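# An overview of the molecular structure
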Amino acid sequence: MGRSSSMEVLSPPDDSGGLGFQSIRDRFRFKRNTHPEHHRNHSEEGGDYRSDRHWRGRSISHRGGRKVFSFKGTYLFYGAVVFAVILFIVASIVLQSSITSILRPGRDSSRSVRLGLKFGSSLKFIPHRLLRRFTNRGGLDLLRKDNRIAVRFPRLAVILGNMEKNPSSLMLFTVMKNLQQLGYVLKMYAVGDGQAYSLWEQIGGRVTILHPERTAAVDWSIYEGIIVDSLEAKEVISSLMQEPFCSVPLIWIIHEDTLAKRLPVYKEMGWEHVLAEWRVAFRRADVVVFPDFSLPILYSVLDSGNFFVIPGSPVEVWAAESYTKSHSKYQLKKENEFHKDDLVVLILGSSFLYNKLYWDYAVAMHTIGPLLIKFTMKKVGSGQVKFAFLCGNSTSGYNDALQEISSHLGLPHGSVRHYGMDGDVNGVLLMADVVLYGSYQDEQGFPPLLIRAMSFGIPIIAPDLPVIKNYVIDGVHGLIFRKSRLDSLMRAFSLLISRRKLSKFAHVVASSGKLLAKNMMASDCIGGYAKLLENVLHFPADALLPNPISQVEKHAWEWNFFRTEMEQRGREIPYFSNMNNSIGKSSIVYALEKELTSFDNKRNIAENDSQIQTQERITQLDWDVLEELEGSEEYERRELEELDERMEKTSGSWDEIYRNARKAEKLKSSERDEGELERTGQSLCIYEIYSGRGAWPFLHSGSLYRGLSLSTRARRSTSDDVNAVDRLSVLNDTYYLDLICELWGMFAIANRVDDVHKTPWIGFQSWRAAGRKVSLSAEAEKVLEETILAESQGDVIYFWARLKPDVGDRGGNEMLTFWSFCDLLNFGHCRAAFMDAFRRMYDLPSHVEALPPMPEDGGHWSALHSWVMPTPSFLEFVMFSRIFADSLDSLNNNFSKTKPCVLGSSELEKKHCYCRMLELLVNVWAYHSARKMVYIDPNSGLIEEQHPVEQRKEFMWSKYFNFTLLKSMDGDLAEAADDNDFQGEGWLWPLTGEVHWQGIYEREREERYRQKMDKKRKTKEKLYLRHKFGYSQRTLGG
């Protein structure tokens, strides 16, 4: 299914002992409860049904005359039970054609399914791509063995599609509470308010309601992952499709099947644009999680290889408990015309029904059919044994078919009844005395109706399927019979029936089964989500790893917590009953459908109107009116020209005419917008670096700021943002862009800086500063501008986003030094990597210290590339940064191919290998180049100098940061690049900016001198020829 998630047909062993595997791809349509209108192909159904019925009736009549068996007493009941199982099989077989709309002939995928399915086979959903990816990552077991320097807990954003109190909320609440115990910090968001607001506040703090404006203003990059619940949060997912949030892991939990029911309608109506809209949304999620194995099949049209199933939900128990409060078994039996002493045996079947699977069952019935007919003629006490079949729909002809079969078999009238899945399913389950699961299909998930029956306190009998034996203990929670031996089924009923009534043992089993169903699969659900997060999330180096799943203490749904909170507020658990797991009516599905289809209709109407207008014929009268209008306009124009010629005009001076012409040419040649005009005359311009459309809401407007886009597609078209890609073509390569990140923006501005920047001061600010609430306020901006105007002596750097540990809820307040913090962000390898890069940069011997000292005076350091300095100082810093980045890259050249990046813990950190170290590089350069470092509070504008120059003179390595030395090193690298003397494959330095040295200047001067001498020589030759031969004029036409 899709590209990687698929359904596999597992066939029985062949003659050679092997297993047959067949993969089913793409768009396998499956419905658990088909609609009545899907079962009206009478010509096809009728033929199969009549032929099967005729064969069965003839065979049974042939055997009916032989009186071989003679049983009395309770054996009649046991035989009736076995007969009911076989009758259920036969009835399902007779009506198999009713689901041909699911596997329509003529489609290749459906034909492969029918050919691959044989008796004893099973259909399984296997997410191949996800399982392969999880295997390659290996989980967190290896990382837990490493010594991590971490200061904060991993953060998760949880986006709720609704805050109603329903089974899906209970499931998610239980999972989130257990994830908190494992060490995750949760932040709750919701697309709308609801009754469960106070519940979510207790585990995630204040719940933020996401309006359209507020959704765009959330910095999702601070979270290790995002969990989205319900289809209703689709609009939030749309905001996560754009950079820089595309790389944030996203898990989308879908409980509803509302959209699945509409997908065939979209296909039939040809609404491909609606399907495309949902495909894009589903493709954004790293994993789409379903609580049931049937839902991935229903949504197979939207599968892009990211479907996953984590079974487990309290929906069945919730429905049973809420239904029991208002209904009783006696009342339901009376309403359905059962005697109070009738023993009602309810037969349930699998949700998965296949075509052409009835021959083995038909042989079994042919063998023991006459015996069972005799057993059903006797009564049990004052009542009778009644069999009820729960399958299909009430209007699809199932009941008539069952009655016809029972009449052909000679069964008493009314002993067999049919109830559809579109009726009161809870009522049918509650009035049953015994529930028999009659399907032998090996399914992946525990049958949901069996859980609901157990929740009603009804004893169950089921075959020995693996999924049932995993949870139900035989003789404790229910009875399990061997499907290969019918006597084990009789034994199971003998234990439940005593003196023609339910035995004490049956009541004990029913009570144990009810307790089991209360929290069935809760442990698997919690552990499944915990394991999924370990395989999907990226845990950065400064984040603690979550605790192992084995440390989860509670393995039950949070029933008591829900009830306690509701009782305090005077509410009851709302009634919930939906057999399709559709939690309410999804408003987003129908709203989006209406929006997209109305837009498509308007477009079609506009196209039709334009076609109608073009098809209108132009009459002679229209031409006459047009000619008359043109004639009158021409007459008025000539009249105005004659009047204008008779009036005296002053042309003005030649200087004025020349000035106006020059002004027009200047305005035409330099198309400057309002932003550039506003910056004229200012002393400072701050460039805000961003790399995607998702960062637009975090950018500032005004003359002080100017956007700096690292991507051509992400550039704002309505502003004068600088396109860094135009200034540095290497940014077209995403590998290099991810390697250095936002420092590329500074390299782009420094490359031919006079073309783009003309103010004496320059500043930069990452879009993340606004997302983390550390950007400059209006008051701080005013203080900064006034301060730099008054600054006249020495170089100074002002910064407002400071480096600080984000301990979160851990509560740690230990002081980290600069290099300790750098190690924290770079997986403990910052000092070693910086030392090696610095040693190679200056060609230092191994015995010389190569790690510049940084003070431990408790002062602040710059972060997030948010600072301001004089433009000459900026060019000097870029010169140093280019050389250092090249030296660092040469140590890890082609790390993705030969050796991994040692500066990152997660895959995302390894992708952005140098970014975190280069973000702190400005502090090392400013400290050791004797720049004055000033911190300005982003809110109040308070200014405070950090690490005074007088106190650090004895610690500074000024000789390594001398401008003359850096200039000579830059010239040496430029000479090597100019001579094509590459220092290795993928040399980074020439790609980071201008390549210029004294030799290039001398070569350009020589080239200009040569061109001048060539021109002078040609002029002399021309004069010599003219003097020798005289001036000769070309002939006309020659």
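Residues numbered from 1 in each chain as written. Predicted model: local features only at pLDDT ≥ 70, side-chain atom pairs only at ≥ 80, totals over all residues. Heavy atoms only, no water.

Looking up the protein chain in an unreviewed UniProt entry gives the name Glycosyl transferase family 1 domain-containing protein, with the organism given as Protea cynaroides.

Of regular secondary structure, the protein chain possesses 40 helices and 26 strands. The buried share of the protein chain, reckoned over its 1038 residues, is 52%. The long-range fraction of contacts in the protein chain, counting pairs at least 24 apart against all pairs at least 6 apart in sequence, stands at 76%. (Helix = DSSP H or I, 4+ residues; strand = E, 2+ residues; numbered from the N terminus. Buried < 20%, exposed > 50% of the residue type's maximum accessible area, 1.4 Å probe, protein only. Contact = heavy atoms within 4.5 Å.)

Across the junction of Glu 243 and Pro 244, the peptide omega takes the value 10°, indicating a cis bond. Tracing the backbone shows Pro 244 in the loop between helix 9 (234–239) and strand 8 (250–253). Not every positive phi belongs to a glycine, and Glu 337 is a case in point at roughly 60°. In this fold, Glu 337 is placed in the loop between helix 14 (329–335) and strand 11 (343–348). What makes Glu 337 exposed here is its relative accessible area of 65%.

As enumerated under the stated definition, the model contains 3 disulfides in all. With its sulfur 1.9 Å from that of its partner, Cys 741 forms a disulfide with Cys 915. When the S-S torsion is 75°, as for the bridge of Cys 741 with Cys 915, the disulfide is right-handed. One end of the pair, Cys 741, is in the loop between helix 29 (734–740) and helix 30 (743–750); the other, Cys 915, is in helix 37 (residues 915–919), and 174 residues separate them in sequence. Comparing Cys 741 with Cys 915 shows no difference in burial state: the two are buried. Sulfur-sulfur distance for the disulfide between Cys 901 and Cys 913 comes to 1.9 Å. Looking down the S-S bond of the Cys 901 and Cys 913 bridge, the torsion is 85°, so its handedness is right-handed. (Disulfide = S-S within 2.5 Å.)

This paragraph deals with the side chain of Ser 168. Note that Ser 168 resides in helix 6 (residues 167–181). Looking at Ser 168, the relative accessible area reads 4%, which means it is buried. Separated by 2.7 Å, the side chains of Ser 168 and Asn 166 make a polar contact. (Polar contact = N/O pair within 3.5 Å; in protein donor to acceptor, adjacent residues only side chain to side chain.)

What follows covers helix 6. Between its first and last C-alpha atoms helix 6 spans 22 Å; for 15 residues at 1.5 Å apiece the expected length is 21 Å, and the two agree. The element helix 6 is largely enclosed, with a buried count of 12 among its 15 residues. Along helix 6, the residues that are buried comprise Pro 167, Ser 168, Ser 169, Leu 170, Met 171, Leu 172, Phe 173, Thr 174, Val 175, Met 176, Asn 178 and Leu 179. A positive phi of about 115° marks Gly 183, the residue just after helix 6. (Expected span 1.5 Å × (residues − 1).)

Right, let's get into the packing of aromatic side chains. Counted under the stated rule, the structure contains 43 aromatic pairs. Ring centres of Phe 290 and Tyr 299 lie 5.5 Å apart, and the angle between their planes is 25°; on these two criteria the pair is classed as stacked. The same class applies to Phe 290 and to Tyr 299, which are both buried. When the ring of Phe 290 is compared with that of Phe 307, the centres are 5.0 Å apart and the planes differ by 75°; the resulting orientation is edge-to-face. (Phe/Tyr/Trp six-rings, centres within 6.5 Å; stacked < 30°, edge-to-face > 60°.)

With parallel pairing, the 6 strands of this open sheet are ordered in space as 13-12-11-14-15-16. Two strands in the sheet have a free side with no partner beyond their single neighbour: strand 13 (416–419) and strand 16 (479–481). Direction aside, the axes of adjacent strands within the sheet are offset by 25° on average. Relative to strand 12 (residues 385–390), strand 11 is paired through 6 bridges, and the arrangement is parallel. Looking at the pairing, Leu 348 lines up with Leu 390 of strand 12. Its contacts with the sheet place helix 18 (residues 448–455) against strand 11, strand 12, strand 14 (434–437) and strand 15 (460–463), and it is angled at close to 155° to strand 15. Against the sheet, helix 20 (residues 486–496) touches strand 11, strand 14, strand 15 and strand 16, its axis set at about 160° to strand 16. (Pairing = 2+ DSSP bridges. Axes fitted to C-alpha atoms, helices over the stretch in contact; angles between N-to-C directions.)

Let us look at the pattern of salt bridges. Opposite charge on two side chains permits pairing when their charged atoms draw close. Evaluation of the coordinates by the stated rule reveals 28 salt bridges. Here Asp 433 ties to Lys 333 by a salt bridge, and the two come within 3.0 Å at their closest N and O atoms. One end of the pair, Asp 433, is in the loop between helix 17 (425–431) and strand 14; the other, Lys 333, is in helix 14, and 100 residues separate them in sequence. Lys 333 shares its class with Asp 433; the two are buried. Overlapping salt bridges bring together Asp 141, Arg 144, Lys 531 and Glu 534 as one network. (Salt bridge = Lys/Arg side-chain N within 4 Å of Asp/Glu carboxyl O.)

Following the sequence through the fold, Arg 716 ends up in the loop between strand 20 (705–709) and strand 21 (722–723). With relative accessibility at 15%, the residue Arg 716 sits in the buried group. In terms of polar contacts, Arg 716 uses its side chain to reach the side chain of Ser 719, at 3.5 Å.

What you see with strand 15 is no split at all: Ile 460 and Ala 462 on one side and Ile 461 and Pro 463 on the other are buried throughout. Relative to strand 15, strand 14 runs parallel, the two sharing 2 bridges. Looking at strand 15, one finds that Val 435 is bridged to Ile 460. Crossover handedness for the path strand 14 to helix 18 to strand 15: right-handed. As paired elements, strand 15 and strand 16 share 3 bridges and run parallel to each other. In the sheet register, Ala 462 faces strand 16, and the bridge partner there is Ile 480. (Right-handed = clockwise from strand over helix to strand, strands pointing away.)

Ranked by size, the top nonpolar core spans 90 residues in total, and within it Trp 744, Ile 749, Phe 764, Trp 867 and Phe 874 carry the most contacts. Considering each element in turn, this core owes the most residues, 9 residues, to helix 35 (residues 871–891). Once residues lying within four places of it in the same chain are set aside, the contact partners of Phe 764 are Ile 686, Tyr 687, Ile 689, Leu 708, Gly 745, Met 746, Ile 749, Trp 800, His 865, Ser 866, Trp 867 and Phe 874. Residues Leu 140, Leu 156, Met 171 and Ala 522 belong to the second largest nonpolar core, which totals 86 residues. (Core = buried A, V, L, I, M, F, W, Y, C linked by side-chain atoms within 4.5 Å.)

It is worth spelling out the environment of Cys 246 at this point. Its location among the elements puts Cys 246 in the loop between helix 9 and strand 8. Discounting chain neighbours no more than four positions away, the residues touching Cys 246 are Leu 240, Met 241 and Arg 284.

Let us look at the packing of helix 35 against helix 38 (residues 921–928). As a packed pair, helix 35 and helix 38 sit with axes 11 Å apart at the nearest point and diverge in direction by 120°. The angle between helix 35 and helix 38 falls in the class oblique. Helix-helix and strand crossings are classified by hand; for helix 35 and helix 38 the assignment is right-handed. Counted together, Ser 873, Glu 876, Phe 877, Phe 880, Ser 881 and Phe 884 of helix 35 and Leu 921, Val 922 and Trp 925 of helix 38 form the full contact between these two elements. When grouped by side-chain class, the residues that make up the contact of helix 35 with helix 38 number 6 nonpolar, 2 polar and 1 charged. (Parallel < 35°, antiparallel > 145°, perpendicular 65-115°, else oblique. Left-handed = near helix turned anticlockwise from the far one by under 90°. Nonpolar A, V, L, I, M, F, W, Y, C, P; charged D, E, K, R; others polar.)

In space, the 8 strands of this open sheet follow the order 21-20-19-22-24-23-25-26, with mixed pairing throughout. Edge positions in the sheet fall to strand 21 and strand 26 (943–946), since each of these pairs with one other strand and no more. Sheet contacts for helix 30: strand 19 (684–690), strand 20, strand 21, strand 22 (761–766) and strand 24 (867–870); angle to strand 22, the most-contacted strand, approximately 155°.

In this section: the packing of helix 13 (residues 315–324) against helix 18. Contact pair helix 13 / helix 18: the axes reach a minimum separation of 8 Å and the direction vectors enclose 40°. The orientation of helix 13 with respect to helix 18, classified from their angle, is oblique. With respect to the hand of their crossing, helix 13 and helix 18 are arranged in right-handed fashion. Contacts between helix 13 and helix 18 involve Glu 316, Val 317, Ala 319 and Ala 320 on the former and, on the latter, Pro 448, Ile 451, Arg 452 and Ser 455. Partitioning the contact of helix 13 with helix 18 into residue classes produces 5 nonpolar, 1 polar and 2 charged.

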